[in-house]
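Fold and contact review
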Amino acid sequence: MAEPLVLAEVRDAVGIATLNRPEARNALSPELMELLAATVEAWDADEAVRCIVIAGTDDFFASGADVKAMSERTFQEALVTPTARFWPRLAAVRTPMIAAVSGYALGGGCELALLCDMLVASETAEFGQPEVLLGIIPGGGGTQRLARVIGKQQAMEMVLTGRRVPGAEGHAMGFVNQVAKKSSWLEEAIELAQVVAARPPIAARLGKQAVLAAEETPLTAGLEQERRLYEIAMATEDRIEGMNAFLEKRPPSFRGR
Ligand code: CO8
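Below, the structure is looked at part by part.

Let's shift gears to the sheet that holds strand E8 (residues 126-128). Strand order across the open sheet formed by four strands is E4-E6-E8-E9, with mixed pairing between neighbours. Each edge of the sheet is formed by a strand with only one pairing partner; in this case those strands are strand E4 (60-62) and strand E9 (165-166). Along the sheet, helix H5 (residues 108-115) makes contact with E4, strand E6 (104-106) and E8, crossing E6 at roughly 95 degrees.

This paragraph deals with the pairing of strand E3 (residues 51-55). Counting buried residues along E3, five of its five residues qualify, which places the element largely inside the surrounding structure. Two strands pair when backbone bridges link them, and strand E2 (residues 14-19) and E3 are joined in this way by five bridges, in the parallel orientation. Bridged to Val14 within E3 is Cys51. Following the chain from E2 across helix H1 (residues 30-44) to the adjacent parallel E3, one finds a crossover that is right-handed. Alignment of E3 against strand E5 (residues 97-101), held across four bridges, turns out to be parallel. Residue Val53 lies in a different strand from E5, and its bridge partner there is Ile98.

Reading the values: the criteria
- Sequence order as written defines residue numbering, which begins from 1 separately in each chain.
- The model is predicted, so local features are restricted to residues of pLDDT at least 70 and side-chain atom pairs to those at 80 or more, both for listing and for counting; the totals for chains, interfaces and linings are taken over all residues.
- Note that water and hydrogens are dropped before the side-chain values are worked out from all heavy atoms of the structure.
- The pairing criterion for strands is at least two bridges between them, as found by DSSP.
- Each helix is a run of H or I in the DSSP string that is no shorter than four residues. Each strand is a run of E no shorter than two, and both are numbered from the N terminus.
- Contacts are assigned to residue pairs with any non-hydrogen atoms lying within 4.5 Å of each other.
- The angle between two axes is taken between their N-to-C directions and runs from 0 to 180 degrees, where each axis is a line fitted to C-alpha atoms and a helix contributes only its stretch in contact.
- Buried residues are those whose accessible area, probed at 1.4 Å on protein chains only, stays under 20% of the maximum for their type, while exposed residues exceed 50% and partly exposed ones sit between those limits.
- Seen with the strands pointing away from the viewer, any crossover whose path from the first strand over the helix to the second strand runs clockwise is right-handed.

What follows is the structure, encoded as structure tokens:
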């Protein structure tokens, strides 16, 4: 039997989704994207999973949309391309998500990594939006997320030239949180996920929602949204536990309530 296109494993409270289509360098076919979206959505609904890592292999995270399938698609078919619907599904996941990138993250692969909330890159990682070389532009959020994270000038360079950016440069630009050793990129990403997973889960989700609001809203509306999310956090049992534990000088025990 063929191996699944996404390997799913839960380690402690961390869901690890490993893209598994090596023969096409993890090109993001509709079948792979469907399984990835279904996997992370299931974890998002599972209280036991408190952080998610999306990873590739040592040599490639993902080579982007499936160029073979795209090359055969007519304009009319492109208007209803099935892959388009997976991006909002992934973006709607409330559980914090970390991309663990080693080797290439190109086109849709780079966009998938940017969609995650944090990004750990191996020292071998290379990010790029090479769509312009194929006569198209990024379609999985790359132009918008890059411009928001690294600014217009840098985003323009990546989108208009297709130049590949090494992980260390991505770190200097601000879209890579952490550059990891070639031998330990996945472990370092999982370690970061475990730190998030140990935090009170409602506060972690509210924090994610509040930071993401900054990408969508003007400052006054964003501050208002933050205020409402803060009030929700104040209503949780975990905040009572967190504050009592601090005052009693003991480690907290969060229950996600
Ligand atoms: N799609 C399909 N097949 C691919 C892809 C891909 N993106 N990338 C690699 N493959 C296949 C190759 O065709 C080859 O297959 P075969 O063995 O049958 O010939 C196999 O994988 C191995 O490829 P290479 O021999 O090229 O392997 P290398 O290790 O030498 O190079 C690279 C790996 C650097 C990843 C290289 O293959 C490459 O440059 N690939 C294309 C990268 C690219 O252009 N990506 C952008 C695609 S466009 C896009 O992502 C738009 C996103 C829009 C999303 C929103 C939709 C609504």
